[in-house]
Amino acid sequence: MDKNPWLREFVEQTDFIFLGACAVCSALSVYSIYSIYMTMNAINDVRVVVVQLAASIVGIIAAVLLSIIDYKELCEWHKVHMVLCIGLMILTAFIGYGPAGTTNKAWIELPGGMSLQPSELLKISTIITLAHYLDKYKDNINEIRTFVKLAAIAIVPFAFVAFQRDGGTMLVYLFIIASMFFAAGISWKLVGFAAGAVVVGFPLMWFTGIIEDYQKNRILAIFDPDNPAFKTIMVQQNAGKVSIGSGQLFGKGFMTDAHNNVPLPQNDFIFSFIAESVGFIGILLVIALILGMCYRILVIGSRSADVQGSLICVGVFAMLIFQTIINIGMNLSVMPVIGITLPLFSAGGTSVLATYCAIGVVLSVARHNKRNLF
């Protein structure tokens, strides 16, 4: 007789390859941030390293615990976690602050020098909530009345992010929402309508001042990087490109003083530091690792026994792949700097923890699935 049937079942149903790939990313992140702390003047407080390590460990534990909870229950409780997340977003209007290098007050200060970015947690709640309602109305999603209702549900969390004027996070939300609607089977007519709204809306935001001057300059600088007017704006991206190129084929290594000076390399530009450390060959392996994680999410979603599970995986995939593409594009100067982190790599406890929570929900889809994933 099996003395530990629960443990055996847990081991059999947990996707340790996927979770292991995530852990490798976190280990590389912590080591990179520690190397930056030891060899550069970008980090003056070892707490940044400690927070990243702690967030990674707690995140992995949270992912495992969330995988045990049936994702259907998380969907049923969508109103509870959505209200809690929105409540935290409202709180930033009163006690929010912006850390060094940021322009919006989207963080809440916690004891012990810690901080919380509610919009990261709201991403997960949005994915779960949208999956619930898209599944609920899947049979008549292309009826105008239903589409408007679903769009209104999606706009609620997006509106709170827009209130914080965090352009990067707004784009992530839009991509998540669009991907989940598309995967749910929205008609091409409605896709065209939404695309038209974006085409019309962007110039309106540009000329009415919704897009602020510094954001406009970051966009314009990408198309005219040699313009003296954008010299200050392009400092970080130009330094990032130099750093990536100087890594050449096999890199300089991590614990060396030979790294180029990139402003805030532990945050949005950690990709450039890793590329300089491991070189072209090494960074291709890092990208392959991230893409492998994203592919695994799609595999789990494609094997889901219901629409809710599939849409949750689509939402998490959209979040991770969009952030990865934009962040790498920022480092290569083909995208403007809009404050989007590289998932599991960039320094930031809330970002890491939220990403692992999203991964935990995906693992829940894999576990509580009537089809055999293995």
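Cut-offs and rules
- Residues numbered from 1 in each chain as written.
- Predicted model: local features only at pLDDT ≥ 70, side-chain atom pairs only at ≥ 80, totals over all residues.
- Heavy atoms only, no water.
- Helix = DSSP H or I, 4+ residues; strand = E, 2+ residues; numbered from the N terminus.
- Lys, Arg positive; Asp, Glu negative; His and termini not counted.
- Charge placed at Lys NZ, Arg CZ, Asp CG, Glu CD.
- pLDDT = per-residue confidence, 0-100.
- Phe/Tyr/Trp six-rings, centres within 6.5 Å; stacked < 30°, edge-to-face > 60°.
- Buried < 20%, exposed > 50% of the residue type's maximum accessible area, 1.4 Å probe, protein only.

With that settled, consider the overall build of the chain. A tally of regular secondary structure across the chain gives 14 helices and three strands. With 23 positive and 22 negative side-chain charges, the chain shows a separation of 5 Å between the mean positions of the two kinds.

Bringing the confidence of the model for the chain into the picture now. One rule of thumb: low pLDDT means the predicted coordinates there are not for detailed reading. Taken residue by residue, the chain gives an average pLDDT of 89. The fraction at 70 or more is 93%. For the chain, per-element mean pLDDT is lowest for helix α1 (residues 5–13), which scores 66, and highest for helix α13 (residues 307–331), which scores 96.

For the rest of this paragraph, the subject is the packing of aromatic side chains. For any pair of aromatic rings, the description consists of the separation of the ring centres together with the inter-plane angle of the planes. Considering all chains together, one arrives at six aromatic pairs under this definition. With centroids separated by 5.6 Å and ring planes inclined at 75°, the aromatic side chains of Phe-182 and Trp-188 adopt a geometry described as edge-to-face. Note on Trp-188: relative accessible area 66%, which makes it exposed. Ring geometry for Phe-254 against Phe-273: centres 6.2 Å apart, planes inclined by 55°, an arrangement best described as tilted. Linking Phe-254 in the loop between α11 (235–246) and α12 (270–302) with Phe-273 in helix α12, this pair joins segments that are 19 residues apart in sequence. Taken together, the ring pairs in this structure connect Tyr-31, Phe-254 and Phe-273 into an aromatic cluster.

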